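# Results of the structural survey
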Amino acid sequence: MTEHRHLSGELMPVACHECDLLQVLPDLPAGGKASCSRCGCTLATRPVDPIERPLALVIAALLVLVVANTAPLMGLSAVGRHASTTIIGGAYQMWLQGQELTAVIVAFCAVVAPAGYLLLLLIVLLAVRRPPAPSWVGGLLRWAERARTWAMTEVMMLGIMVALIKIADLAKVEAGIGMFAVGVLMLLFPAILSSVDTDELWSRVAWHEPQPQPGPAPERGLTSE
Amino acid sequence: MTGAPPTAIKARLLSCETCGLLSQPASADEPGYCPRCGSELESRRHGSIERTWALVIAAAICYVPANMLPVLGTTTLGSTEYDTIMGGVVFLFTSGSWPLALIVLIASVMVPLGKLVALGYLLITVQRASVRGSRERTRLYRMVEFVGRWSMLDVFVDTFTVALVQLDPLMSVHPGAGVLFFAAVVVLTMIAASTFDPRLIWDASAEPAPYHEKPLQQESSLG
């Protein structure tokens, strides 16, 4: 097995994930943000209430998600006929029309990824309330981060609106409850993202390997190289 | 060595891509796994340039049928009309909602093309070890990462249009083969953005990296 030495102490350096520059993070005030001094990317944020606030928002978002996925998004009336669709109904119709792969992509980005992200984050947030959380929670956090990239609620919202306006030329359309729920979800997602502190979550998860005792730090001259 | 900014790779440290923990692996060649989260450690994303090129080329190939093939077919009383993505933009423009036409034009035509050009430019400058404008190139990369998802817009528009307009025999809308290619462009470029390692942009501006470039230089001097 590989042996790792760890850098310990209060002045723990971090490496910028976009340019690899080593730097020591300052003590951030609540609500503060640290940026890389070389490339300018955000290195760390410190939201005011990093566990309870995202937890509340995630629970709210999960409730709205259920409405968004079950209530009709929009309806259409023409010559005495009425049709309506849900999110998954849209993907299903694509499947029926011979676009199976597109249907899978749509279902994944519109339903699976947002729901997966919220559920995984819910479990992680609940688990880290009493640190240290078991190390499998870290695995869930990793999957949550992956799901987040593919959750496209805000893009879907714009897509629904463009579709509505396009069809409005042909027939009478009305927005459904599902569409308003998607709109709320679209607002809740950035609120969750800005209130979660991934570094804080990781610091509350038990290490995969037994954590070493902080030894004498030989990396003292690291940043003054 | 003096003057060159301290980077993790030069200090023989590794930053975990998953949890951000900085650790010092026993061996630089086989860094093993992150002690905190158990992810595989790599100083730079493995095969970053080759993989990103492969994905960019695949996406560029898909971009052609995505724009040439119809994305929607509208059947009205027996006759079918096909629309490409540009056709959809023109339809929105002529039907009076030019702001929407502009949004769809930007999200569906310009963003995918811009992403391909931007990723190609980043790859070429990294391969030529360019040192100029590293900050701007990092910003360009960040933009590519940020706007990538918005290209999925047209796929959603087509999906919901198809789902709603099913009024047989009066009028019905079917997806065309272009939708799949278009979705493929978006997915491939999103994966390409995640396989590209922005730290490569900066590696050239620092002193030669200890792990990668020394053996290469030795090889070339021998040959």
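Residues numbered from 1 in each chain as written. Chains lettered and ligands numbered in written order. Predicted model: local features only at pLDDT ≥ 70, side-chain atom pairs only at ≥ 80, totals over all residues.

When its secondary structure is counted, chain B shows eight helices and six strands. Of the regular secondary structure in chain B, the N- to C-terminal order runs β-β-α-β-β-α-α-α-α-β-β-α-α-α. Taking contacts inside chain B between residues at least 6 apart in sequence as the whole, the part at least 24 apart equals 65%. (Helix = DSSP H or I, 4+ residues; strand = E, 2+ residues; numbered from the N terminus. Contact = placed C-beta atoms within 7 Å.)

Further remarks concern the sheet that holds strand 8 (residues 172–175) of chain A. All names here are of chain A. Within the open sheet, the three strands sit side by side as 7-6-8. Their pairing is antiparallel. The open sheet has two edge strands with one neighbour each: strand 7 (81–85) and strand 8. Going across the sheet, the axis of each strand differs from the next one's by a mean of 20°, ignoring polarity. Where strand 6 (residues 74–78) and strand 7 come together, five bridges link them in antiparallel fashion. Note that in strand 7 the partner of Ser77 across the bridge is His82. (Pairing = 2+ DSSP bridges. Axes fitted to C-alpha atoms, helices over the stretch in contact; angles between N-to-C directions.)

On to the sheet that holds strand 6 (residues 171–175) of chain B, then. All names here are of chain B. Read across the sheet, four strands follow the order 4-3-6-5 without closing on themselves; strand pairing throughout is antiparallel. Among the strands making up the open sheet, the edge pair consists of strand 4 (79–83) and strand 5 (166–167). Where strand 5 lies against strand 6, two bridges are found, and the strand directions are antiparallel. The residue bridging Gln166 from the neighbouring strand is Ser172, located in strand 6. Packing against the sheet, helix 5 (residues 153–164) makes contact with strand 3 (72–76) and strand 6, and its axis sits at approximately 145° to strand 6.

Time to look at the domain arrangement of chain A. Under the domain assignment used here, chain A contains domain 1 (11–46) and domain 2 (49–203). On a C-alpha basis, the centroid separation for the pair domain 1 of chain A and domain 2 of chain A is 30 Å. (Domains from an automatic or database assignment.)

A few words on the interface of chain A and chain B. Listed as interface residues are 62 residues of chain A and, on the opposing side, 61 residues of chain B. Per element, the largest residue contribution to the side of chain A that touches chain B is ten residues, and it comes from helix 5 (residues 153–168) of chain A. Looking at the side of chain A that touches chain B residue by residue, the class counts come to 34 nonpolar, 16 polar and twelve charged. (Nonpolar A, V, L, I, M, F, W, Y, C, P; charged D, E, K, R; others polar.)

Residues and elements named next belong to chain A. By the element assignment, Gly40 lies in the loop between strand 4 (33–35) and strand 5 (42–45). Judged by the 15 C-beta atoms lying within 10 Å of it, Gly40 is partly exposed. Taking C-alpha positions, Gly40 is 28 Å from Val205, a pair spaced 165 residues apart along the chain. (Buried ≥ 20, exposed ≤ 12 C-beta atoms within 10 Å, placed from the backbone.)

Outside of glycine, negative phi angles account for most residues, and trans bonds account for most peptide bonds. In this chain, Pro131 of chain A is followed by Pro132 of chain A through a cis amide linkage whose omega measures -5°. The residue Pro132 of chain A is located in the loop between helix 3 (100–127) and helix 4 (136–150) in this model. A positive phi is found at Arg12 of chain B, a non-glycine position, where the angle reads about 55°. Its location among the elements puts Arg12 of chain B in the segment before strand 1 (14–15). The backbone of Ala129 of chain B sits at a positive phi, close to 55°, despite the residue not being glycine. Mapped onto the elements, Ala129 of chain B comes out in the loop between helix 3 (98–127) and helix 4 (134–147).

Our focus in this paragraph is helix 6 (residues 178–195) of chain B. An ideal rise of 1.5 Å per residue puts 26 Å on 18 residues; helix 6 of chain B measures up with 26 Å between its terminal C-alpha atoms. In terms of burial, helix 6 of chain B is largely enclosed, as 15 of its 18 residues are buried. (Expected span 1.5 Å × (residues − 1).)

What follows deals with the environment of Gly89 of chain A. All names here are of chain A. With respect to the element layout, Gly89 can be found in helix 2 (residues 87–96). Judged by the 18 C-beta atoms lying within 10 Å of it, Gly89 is partly exposed. Counting along the chain gives 33 residues from Gly89 to Ala56, while the straight-line C-alpha distance between them is 29 Å.

Quick look at the nonpolar core now. With 125 residues, the main nonpolar core has Val124 and Ile160 of chain A together with Phe156, Phe182 and Val185 of chain B as its most contacted residues. Ignoring sequence-local partners within four residues, the contact set of Val185 of chain B consists of Ala59, Cys62, Tyr63, Ala66 and Pro112 of chain B. (Core = buried A, V, L, I, M, F, W, Y, C linked by C-beta atoms within 7 Å.)

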